[in-house]
Amino acid sequence: MDTTFSMIKPDATARNLVGAIIQKLESEGLKLQAGRLTRITPSLCETFYQDHKSKPFFKSLINFMLSGPVFVMALKGEKAVEKVRKIMGHTDPAQARPGTIRALYGESIERNSIHGSDSLPNADRELALFFNKTEWKW
């Protein structure tokens, strides 16, 4: 059993989709180990998206992520990283498989409702940015 990080983005929290998204994740066999609604600070947001710093969309991404609250989660399950990424769907909602979170709720490539870690090492890094291990490792 693995634990991964996921974040419901400001576009989805603004549309009251937190419950629907969590329900979708749980219905696919994932267990919510920890979660909370929070606002990201500019510093934390830049650290979180450090891999995109040199990309042209970085400033727009940061502004979007600071535009409202997010719901951060630790999700546990068998092959949790792969499972969450499959349930989320393609980054571009227009290309996402029907029934995935992004196909259902995403508005655009940037406003795609959810983030999920892409590997276990990144999951560990991202979980550590938002949670103490005692909050999710039980």
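Report follows, based on the coordinates. Worth saying up front: this structure is predicted, and the values here are computed from it rather than measured. (Residues numbered from 1 in each chain as written. Predicted model: local features only at pLDDT ≥ 70, side-chain atom pairs only at ≥ 80, totals over all residues. Heavy atoms only, no water.)

## Here's the deal with the side chain of Lys 24
Relative to the helices and strands, Lys 24 is located in helix α2 (residues 18–27). Within the local environment of Lys 24, its side chain forms a polar contact with the backbone oxygen of Gly 99, the two atoms lying 2.9 Å apart. Leave out the neighbours within four places in its chain, and Lys 24 touches Ile 87, Gly 99, Ile 101 and Leu 104. (Helix = DSSP H or I, 4+ residues; strand = E, 2+ residues; numbered from the N terminus. Polar contact = N/O pair within 3.5 Å; in protein donor to acceptor, adjacent residues only side chain to side chain. Contact = heavy atoms within 4.5 Å.)

## Considering the packing of aromatic side chains
Considering all chains together, one arrives at four aromatic pairs under this definition. Seen from their ring centres, Phe 5 and Phe 130 are 5.1 Å apart, and the 15° between their planes marks the pair as stacked. In this pair, Phe 5 sits in strand β1 (residues 2–8) while Phe 130 sits in helix α7 (residues 120–130), placing the two residues 125 residues apart along the sequence. The same class applies to Phe 5 as to Phe 130, namely buried. Residues Phe 48 and Tyr 49 carry aromatic rings whose centres are separated by 4.8 Å and whose planes lie at 85° to one another, so their mutual orientation is edge-to-face. (Phe/Tyr/Trp six-rings, centres within 6.5 Å; stacked < 30°, edge-to-face > 60°. Buried < 20%, exposed > 50% of the residue type's maximum accessible area, 1.4 Å probe, protein only.)

## So, the sheet that holds β1
Strand order in the open sheet made by the four strands is β2-β3-β1-β4, with antiparallel pairing throughout. Each having just a single partner strand, β2 (31–38) and β4 (114–116) make up the two edges of the open sheet. Taking each pair of neighbouring strands and ignoring which way they run, the sheet shows an average axis angle of 20°. In this structure, β2 lies alongside strand β3 (residues 70–77), joined through seven bridges in antiparallel fashion. Paired with Arg 36 across the strands is Val 72, a residue of β3. With respect to the sheet, α2 is in contact with β1, β2, β3 and β4, its orientation differing from that of β3 by roughly 10°. (Pairing = 2+ DSSP bridges. Axes fitted to C-alpha atoms, helices over the stretch in contact; angles between N-to-C directions.)

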